[in-house]
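Each chain, letter by letter, is given below.
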Amino acid sequence: MSGQFEATVEVDRPVEAVFDYLADGRNDPQFSPRVLGIERVPDAPTAVGTVFRSTVKDAGMKTAREFRITDLEAPVRIRWAEVSKNTVTAREGGYDLESLAGGRTRVRIHNVLEGHGVGKLLVGLALAAARKDAGAFGSRIKAAAEAAIVQR
């Protein structure tokens, strides 16, 4: 079983700056409290093939996660796939960015969650939790990006 969750938010910063902020997955802990630590491999600008390795805490359990960037089109699209083997993974996900009037950016985040082994029984719970938090997650992205990106 698999399913998707998504959120859309408008960030009061230009699309190029928001793209750069989100493409650097090392910023994820600023808006995702479940991410305890993250590194970029190689430690170079994000490109197709870049891997982000993280430690996350879900439902009280710590797990190691690895996401590979599968598509990157500045400043409008970022795609990833989880390559780690966990009970519930993000088979695919990404950000779609759209420039809006007044130097604003519309950001749509989406993830397709998939269960493996016993995770096939748990993915429904994970999806329900992700969907319930989607609006708040979008708001955290907005707040973190606006705090991190200096307005010109």
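Since the structure is predicted, the reported quantities are computational estimates derived from the model, not experimental observations.

Peer 1: Even after reading the chapter, I still don't get the overall build of the protein chain, so can you show me in this structure?
Peer 2: Assigned secondary structure in the protein chain consists of 2 helices and 7 strands. When the elements of the protein chain are put in sequence order from the N terminus, they spell out β-α-β-β-β-β-β-β-α. Relative to the 2.2 N^0.38 estimate, which gives 15 Å for 152 residues, the radius of gyration of the protein chain is 15 Å and therefore close to what a compact globule would have. For the protein chain, the spread of C-alpha atoms along the three principal axes comes to 50 × 35 × 25 Å. Out of the 152 residues in the protein chain, the part that is buried amounts to 41%.

Peer 1: It is not clear to me how the layout of surface pockets should be interpreted in this structure. Could you clarify?
Peer 2: A water-sized probe rolled over the atoms picks out the places where empty space is left. The space that makes up the largest pocket amounts to roughly 1,200 Å³. Contributing elements (two or more residues each) for the lining of the largest pocket: helix 1 (15–23), strand 2 (35–41), strand 3 (51–58), strand 4 (61–73), strand 5 (77–82), strand 6 (88–100), strand 7 (104–115) and helix 2 (119–148). With 9 residues, the single largest contributor to the lining of the largest pocket is helix 2. Looking at the lining of the largest pocket, its residues break down into 27 nonpolar, 8 polar and 7 charged. If you add up the space inside the second largest pocket, you get close to 180 Å³. Split into classes, the residues belonging to the lining of the second largest pocket amount to 4 nonpolar, 3 polar and 5 charged.

Peer 1: I would appreciate a short explanation of the sheet that holds strand 4 in the present structure.
Peer 2: Neighbouring strands of a sheet are bound in pairs by backbone hydrogen bonds; such pairs are parallel or else antiparallel. What the 7 strands build is an open sheet, ordered 1-7-6-5-4-3-2; its pairing is antiparallel. Two strands bound the open sheet, and with one partner strand each, they are strand 1 (2–11) and strand 2. For this sheet, the mean angle separating the axes of adjacent strands, direction not counted, is 20°. Pairing of strand 5 with strand 6 involves 4 bridges; the strand directions are antiparallel. Across the sheet, residue R79 finds its bridge partner in strand 6, namely G94. Its contacts with the sheet place helix 1 against strand 1, strand 3, strand 4, strand 5, strand 6 and strand 7, and it is angled at close to 165° to strand 6.

Parameters at a glance
- Residues numbered from 1 in each chain as written.
- Predicted model: local features only at pLDDT ≥ 70, side-chain atom pairs only at ≥ 80, totals over all residues.
- Heavy atoms only, no water.
- Helix = DSSP H or I, 4+ residues; strand = E, 2+ residues; numbered from the N terminus.
- Rg over C-alpha atoms; globule rule 2.2 N^0.38 Å.
- Buried < 20%, exposed > 50% of the residue type's maximum accessible area, 1.4 Å probe, protein only.
- 1 Å grid on protein atoms, 1.4 Å probe; cavity = no way out; pocket = protein on both sides within 12 Å on 5 of 7 lines; lining within 4 Å.
- Points joined across faces, edges and corners; volume = space filled by probe spheres on them.
- Nonpolar A, V, L, I, M, F, W, Y, C, P; charged D, E, K, R; others polar.
- Pairing = 2+ DSSP bridges.
- Axes fitted to C-alpha atoms, helices over the stretch in contact; angles between N-to-C directions.
- Contact = heavy atoms within 4.5 Å.

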